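# Results of the structural survey
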Amino acid sequence: MAGDRSARAKLALILLALLLTAACLVSVMTGPVPLSVATVTDAIFAPETADLRDLAIVWSVRLPRTVLAVLVGGALAFSGALMQGLFRNPLADPGLIGVSAGATFAAFAAIVLGEALLGAAALIYLLPVGAFFGGLIATITLYLIATRRGRTSVATMLLGGIAIAALMMAASGVLIFMSNDQQLRELTFWSLGSLGGASWPKIIAVIPFIATGLILALGFASGFNALALGEAEARHLGIKVQLLKRIAIVAVALLTGTAVAVSGSIGFIGIIVPHLLRLSIGPDYRYLLPASILFGAVLLTGADMVSRTIVAPAELPIGIVTAFLGAPFFL
């Protein structure tokens, strides 16, 4: 059928999966101590035969960081695709319209206030929970501001997002003023974005949040296809529009909040990835959503490799790398 790009989309999914596998392998190999393919595969699949130094590098440093890049990149790209479907607008992005700022403020509050109230041990779980609720409140607020009588105003969405982001950044500034030296260093990390704090306990803590957000929304891909025609048309096709909106809002808050909690503020992934995929495989959300996960993971894994090698032995914050990629694309 003319215009049917499902075959191309299926091929793209396979190619993206292969590309992600290659990107992860290169990521684990790359660093101050270069490792060969054989060394990495031995450390992962045959650890009893591997050198102890290589085991420590792979399992304690590079593999957790690579896994976290895959999780965060996939979550941010998926969130961007969801928000563009929810608002029916290609400009929607968690970092662009205040959702990430809401999650960042909640993460700041967890660092500055939560540790004093609940102790440092609870911080690893308090961060994703707090960031989730921060992103959720920001998303719901923006939706209520921008939507009237079932229609979402693009201008109101953008202006409302800028206002929410400004308010959240002002509130974050108050927390920065209240923080001590150690907390200030942690807050700087959140502001610029980094995967340097990757660890297996952190990954285990965020996987349930990210998995829940992905599972919630993936089952409603056909609903987003119908929603693209308009809310009235989607209702006539039997789609429960209000339920779909609630699912999307909760999923975006879960994914964005969790990503911000473990990596800080990383922009533009959610707007670059869905745009490029629509150009190549079309707007069908049955393919766009899983492809966004894979492509977002590839993009952030690559950006992380750049961030830790371009100014070695120092490390450039990954949010700077994605901004250099995303700002020209957005323009």
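Just above sits the structure.
I will try to describe carefully the structure that is included in this document. On a predicted model such as this, the values are computed, not experimentally measured, just so you know.

Here we take up the overall build of the protein chain. Helix and strand counts for the protein chain stand at 14 helices and 2 strands. Judged by the C-alpha coordinates and their principal axes, the protein chain covers about 65 × 55 × 35 Å. For the protein chain, with 331 residues in total, the buried portion stands at 50%. Counting every atom, the protein chain has about 14,900 Å² of accessible surface; 72% of that belongs to carbon and sulfur. Looking at charge distribution, the protein chain has the averaged site of its 19 positive side-chain charges lying 15 Å from that of its 14 negative ones.

As a further point, take helix α7 (residues 181–192). For the α-helix, the turn length of 3.6 residues means that residues three or four positions removed from each other point alike. A rise of 1.5 Å per residue sets the reference length of α7, with its 12 residues, at 16 Å; its end C-alpha atoms lie 17 Å apart and thus fit the reference within 8%. Along α7, the positions that sit buried rather than exposed are Q183, L187 and W190. End-on view of α7: buried residues confined to an arc of 55°, all on one side of the axis. Turned more than 90 degrees away from the buried face of α7, the exposed residues are D181 and R185. Here α7 starts with a cap whose side-chain oxygen sits 3.2 Å from the backbone nitrogen of Q182, and that cap is N180. Immediately beyond the C-terminal end of α7, within one or two residues, lies G193, with a positive phi of roughly 85°.

By size, the foremost hydrophobic cluster in this structure holds 76 residues, and its most contacted members are V72, L82, F87, I269 and L277. For this core, the element with the most residues is helix α3 (residues 52–87), which contributes 13 residues. Within the second largest apolar cluster, 15 residues are counted, among which are A107, I111, L175 and A261.

Attention now goes to the environment of I269. Within the secondary structure layout, I269 lies in helix α12 (residues 269–281). Taking the C-alpha atoms as reference, I269 lies 18 Å from A248; in sequence the two are 21 residues apart. Every residue in contact with I269, bar those within four places of it in the chain, is listed here: G73, L76, A77, P274, G296, L299, L300 and T322.

With respect to the secondary-structure elements, I162 resides in helix α6 (residues 154–178). The spacing of I162 and I97 is 65 residues in sequence and 5.9 Å in space, taken between C-alpha atoms.

The next thing to look at is the packing of helix α1 (residues 6–29) against α12. Two packed helices can be described by the angle between their axes and the distance between those axes. Running from amino to carboxyl end, α1 crosses α12 at an angle of 130°, the nearest separation of the two axes being 9 Å. With respect to α12, the element α1 is oriented oblique. Contact residues: α1 offers R8, A9, A12 and L16, while α12 offers L277, S280 and I281. Along the lines of polarity and charge, the residues of the contact of α1 with α12 split into 5 nonpolar, 1 polar and 1 charged.

This part is about the side chain of T104. Note that T104 resides in helix α4 (residues 99–118). Not counting chain neighbours up to four residues away, the residues in contact with T104 comprise V260 and S265.

Take unusual backbone geometry next. Backbone geometry follows two general trends: most residues other than glycine have a negative phi, and most peptide bonds adopt the trans configuration. Following A312, the chain continues into P313 via a peptide bond in cis, with omega recorded as 10°. Positionally, P313 belongs in the loop between α13 (285–307) and α14 (318–330). Phi at F268 takes a positive value of approximately 75°, unusual for a residue other than glycine. Relative to the helices and strands, F268 is located in the loop between α11 (241–263) and α12.

Analysis parameters
- Residues numbered from 1 in each chain as written.
- Predicted model: local features only at pLDDT ≥ 70, side-chain atom pairs only at ≥ 80, totals over all residues.
- Heavy atoms only, no water.
- Helix = DSSP H or I, 4+ residues; strand = E, 2+ residues; numbered from the N terminus.
- Buried < 20%, exposed > 50% of the residue type's maximum accessible area, 1.4 Å probe, protein only.
- Areas by Shrake-Rupley, 256 points an atom, 1.4 Å probe, with all protein chains shown as cover.
- Lys, Arg positive; Asp, Glu negative; His and termini not counted.
- Charge placed at Lys NZ, Arg CZ, Asp CG, Glu CD.
- Expected span 1.5 Å × (residues − 1).
- Arc of directions from axis to C-beta.
- Polar contact = N/O pair within 3.5 Å; in protein donor to acceptor, adjacent residues only side chain to side chain.
- Core = buried A, V, L, I, M, F, W, Y, C linked by side-chain atoms within 4.5 Å.
- Contact = heavy atoms within 4.5 Å.
- Axes fitted to C-alpha atoms, helices over the stretch in contact; angles between N-to-C directions.
- Parallel < 35°, antiparallel > 145°, perpendicular 65-115°, else oblique.
- Nonpolar A, V, L, I, M, F, W, Y, C, P; charged D, E, K, R; others polar.

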